[in-house]
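# Examining the three-dimensional arrangement
Spelled out from the first residue to the last, the chains are:
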Amino acid sequence: MRRLSTAARLFLTVWLVYAAFATTNVVRETYLAVALGDRGSVRVDPFLGLHPDLFAIPGRGAYINSNPGASMLGAVPYALSRPAVAGLFALRPGLAAPKPPTTYEDPRPNRTNFMNEMRARGLDIRLALAALATQFGLMAPVGALAAVLLFCYLRARTGDERLALRLALLYAFATPLFFRSAFLNQNALLAHLVLFAWLLLTWPDPEPPVRERPARWLSAGACLGVGLLCDYSAAPLALVFGVWSLVEGWRCGGFRGAVRLGGACIAGALGPVLLLLGYQWLAFGSPWFPAQRYMPATELSVRGWNGFSLPTLALLRDNLFDLRYGLFAFSPMLLAAVAAPFVARRQGTVDRTELAVIMLTAGALLVFNSANQFALLQWNTGVRYMVPAVPLLFLAMVRVLMAAPRWAQLALVVPSVVISVAVTMMREDVPGSLAMLLREGPVLPIVVVLSKTAEAYAPALAGRTQPIGAVAVALVGALAALLWWRPSASSAARQATDHPVPSRSS
């Protein structure tokens, strides 16, 4: 343990906490991940009727109303978990058998209906384990990797390892990435890909030369292409980054430079984009239109073009401030990013060009999401559509945080940490989660679910989460703290004396 580097400790800490705060939420992307892992198929016919975003096309089969990238990534850890799941079902065949209806103690009736439909088909345990496999094997480690890369980046830019570590932990646990990483989620994955693209393009060189960087732009384009494969909300982000590549190329080499860097960015994105078009062709019979074009009409899908209209002031406001899903409601400290242009730059923080890219990118995503009428459904899922802007807004916020007095830093950070922990535990809106945390105390999300489904799965938890919830949280905290434990100097000296290192001659 003493030999672990700071980066390794950070990775294990974030992975441990993200995994401990996993939920058994089965989302539309889970069904495609299971179909790919089980049958290598993009059709989700066995699950039709379990989720409103699964729909059938006559003569073609059933598909998810989403891009396939998150499911393709999630299919890998799910496929790796299949032997263990098969062994469990061999030992306990009743787990995979149809089960009678039961009760889900929640005011939203669809949750009870969904659970009972899964139970009737004998899919409840299988899908819950699939949700956990994709979280443990994809969302938690990728989130941990993002925190480590951000730590290394900030350490290189600021020259201060302790500051970089504190900021990386803040990024992992005080932003909506903590909340959205509890299950397979394309918005969180897109956020990680945006961060990776940013780090590729702005990682500090020992002596930054004014020259073209086609290899970096090729890699950044690949990240954005995979982001588009995960969700179409990557389009406005890719547009701003694409313009950035042209501007940088022009500054370095005029028209030819712009063509080279812009071409490198497009070339990097080409593979994932072709995969997306191929999926749409295979699923829908045409490569050119998204799944929303083929889904049955709903109240929102008939607004504008398949749910897209001109941006509305209501969604512009609510995507940022609504207590049920607003970005700044879930992480108030990110609002400080708006003040970044008015704060003098500190060592290691974003410069004027980078800040302009951040603001344009976040603005483009906000406008896009405010034209997407499906954003109105976020009240039931929490902050989601604006999550891909989190990495860039966080970096702009760091510029403000480093310039602020101590009291202002605490005023920004403490509420964000408390809110982030509360909503990640309770999975409700901001006021509801804070009230539950004060009333019931700390708890892991899976304990909350088991208490609500106690009649069928955990009778001992009927009507309560304490003290089991608090003990579980304390255990996770103790394990995380153990990762950072280092023996005192005197203790280390005694260990060296008691167990001397053999010499080469011996």
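The rules behind these values
Residues numbered from 1 in each chain as written. Predicted model: local features only at pLDDT ≥ 70, side-chain atom pairs only at ≥ 80, totals over all residues. Heavy atoms only, no water. Helix = DSSP H or I, 4+ residues; strand = E, 2+ residues; numbered from the N terminus. Rg over C-alpha atoms; globule rule 2.2 N^0.38 Å. Buried < 20%, exposed > 50% of the residue type's maximum accessible area, 1.4 Å probe, protein only. Contact = heavy atoms within 4.5 Å. Areas by Shrake-Rupley, 256 points an atom, 1.4 Å probe, with all protein chains shown as cover. Core = buried A, V, L, I, M, F, W, Y, C linked by side-chain atoms within 4.5 Å. Pairing = 2+ DSSP bridges. pLDDT = per-residue confidence, 0-100. Expected span 1.5 Å × (residues − 1). Bend = angle between axes of the 7 residues up to and from the residue. Arc of directions from axis to C-beta. Polar contact = N/O pair within 3.5 Å; in protein donor to acceptor, adjacent residues only side chain to side chain.

## With respect to the overall build of the protein
Helix and strand content of the protein: 20 helices and 2 strands. The C-alpha radius of gyration computed for the protein amounts to 24 Å, which stays within 12% of the reference 23 Å derived for 506 residues, consistent with globular compactness. Expressed as lengths along the three principal axes of its C-alpha atoms, the size of the protein is roughly 70 × 65 × 55 Å. In the protein, buried positions account for 53% of the 506 residues. At a minimum sequence separation of 6, the contacts of the protein that also span at least 24 residues come to 72%. A total of about 22,500 Å² of accessible surface is found on the protein, and carbon and sulfur atoms cover 67% of it.

## Things to note about the nonpolar core
Residues W198, W217, F241, L393 and F394 are the most contacted members of the largest nonpolar core, which totals 115 residues. Considering every element that reaches this core, the biggest residue donor is helix 5 (residues 124-158), with 13 residues. Of all hydrophobic cores here, the second largest spans 32 residues; its members include F55, I57, L123 and A291.

## Remarks on the environment of G382
Locating G382 in the fold gives a position in the loop between helix 13 (352-371) and helix 14 (390-403). Of the residues examined, G382 reaches a relative accessible area of 6% and is grouped as buried. On a C-alpha basis, the gap between G382 and D429 in space is 6.4 Å, while along the polypeptide they are 47 residues apart. Contacts of G382, omitting those with residues within four sequence positions, involve F179, R180, R324, Y325 and F330.

## Quick word on the pairing of strand 2 (residues 61-64)
Here strand 2 shows two buried faces, one formed by G61 and Y63 and the other by A62 and I64. Bridge count between strand 1 (residues 54-57) and strand 2: 4 bridges; the pairing is antiparallel. The residue bridging I57 from the neighbouring strand is G61, located in strand 2. Between the antiparallel neighbours strand 1 and strand 2 lie 3 residues, among them G59 with a positive phi of about 85°.

## Brief notes about the confidence of the model for the protein
Predicted confidence across the protein gives a mean pLDDT of 91, with 94% of residues reaching 70 or more. Note on residues 501-506: pLDDT is under 50 here. Beyond four places in sequence and across chains, it has 0 contacts.

## Things to note about helix 10 (residues 234-284)
If you check helix 10, its first and last C-alpha atoms are just 21 Å apart, much less than what 51 residues at 1.5 Å a residue would give, namely 75 Å. Taken as a whole, helix 10 carries its principal kink of about 140° at G253. Trailing helix 10 by a residue or two, G285 shows a phi angle of about 90°, which is positive.

## Considering helix 16 (residues 430-440)
Taken residue by residue, helix 16 has V430, S433, M436 and L437 as its buried positions. Across the axial projection of helix 16, the buried residues extend over an arc of 135°, all falling on one side. Away from its buried face, by an angle of more than 90 degrees, helix 16 presents the exposed residues L438 and R439. At its buried positions, helix 16 is contacted by helix 12 (327-330) and helix 15 (406-426). N-capping of helix 16 is provided by D429, with a side-chain oxygen placed 2.7 Å from the backbone N of G432. A positive phi of about 85° marks G441, the residue just after helix 16.

## Quick look at the environment of L36
By the secondary structure assignment, L36 is in helix 2 (residues 28-39). Apart from residues lying up to four places away in sequence, L36 is in contact with S41, V42, S71, M72 and A75.

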